Amino acid sequence: VLACCDPPEQSESQIEVLGNLIDSNFDRNALAQRMFQARDMEELVGLQQEYLHKQMEQSGAQMREMGEKASRAVKDAAKKAGDF
């Protein structure tokens, strides 16, 4: 939920998360269609592996981004604490 008083970067982050969820739903639907059309078990397993690989890459990118944001927050807090 987007709040009226959120900092712009937080609102952008929320919009990005919503966009990722929508993209993920489209990806799952496309995977389901491709799996339904698979000719054999080997192709089916290959599709699953491809999907899981993509999910792992996206998760890694999200974790890196969260780490960067946490690091910035800690640095900002330390700077503000030093200003007192």
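Peer 1: I keep staring at the overall build of the chain and nothing clicks. Help me out?
Peer 2: For the chain, the count of helices and strands is 2 helices and 0 strands. When burial is assessed residue by residue, the chain has 7% of its 84 residues classed as buried. When the accessible area of the chain is evaluated, it comes to approximately 7,300 Å², of which 60% is carbon and sulfur surface.

Peer 1: In this structure, what is going on with the environment of Asp 27? I would like to understand it.
Peer 2: Looking at the element boundaries, Asp 27 is found in helix H1 (residues 8-36). Taking the C-alpha atoms as reference, Asp 27 lies 9.9 Å from Gln 55; in sequence the two are 28 residues apart. Beyond its immediate chain neighbours, meaning those up to four positions away, Asp 27 contacts Tyr 51, Lys 54 and Gln 58.

Peer 1: Honestly, helix H2 (residues 41-83) in this entry has me stumped. Any pointers?
Peer 2: Three or four residues apart is the spacing at which side chains of an α-helix point the same way, because the helix has 3.6 residues per turn. The end-to-end C-alpha distance of H2 is 63 Å, a good match for the 63 Å that 43 residues give at a rise of 1.5 Å each. Where H2 begins, the capping side chain belongs to Asp 40, and its oxygen is found 3.3 Å from the backbone nitrogen of Glu 42.

Peer 1: Which parts of the structure should I look at to understand the environment of Gln 58?
Peer 2: Looking at where Gln 58 falls in the secondary structure, it is placed in helix H2. Residue class for Gln 58 comes out partly exposed when judged on its relative accessible area of 32%. Taking the C-alpha atoms as reference points, Gln 58 and Asn 20, 38 residues apart in sequence, are found 9.6 Å from one another.

So, how was this worked out
Residues numbered from 1 in each chain as written. Predicted model: local features only at pLDDT ≥ 70, side-chain atom pairs only at ≥ 80, totals over all residues. Heavy atoms only, no water. Helix = DSSP H or I, 4+ residues; strand = E, 2+ residues; numbered from the N terminus. Buried < 20%, exposed > 50% of the residue type's maximum accessible area, 1.4 Å probe, protein only. Areas by Shrake-Rupley, 256 points an atom, 1.4 Å probe, with all protein chains shown as cover. Contact = heavy atoms within 4.5 Å. Expected span 1.5 Å × (residues − 1). Polar contact = N/O pair within 3.5 Å; in protein donor to acceptor, adjacent residues only side chain to side chain.

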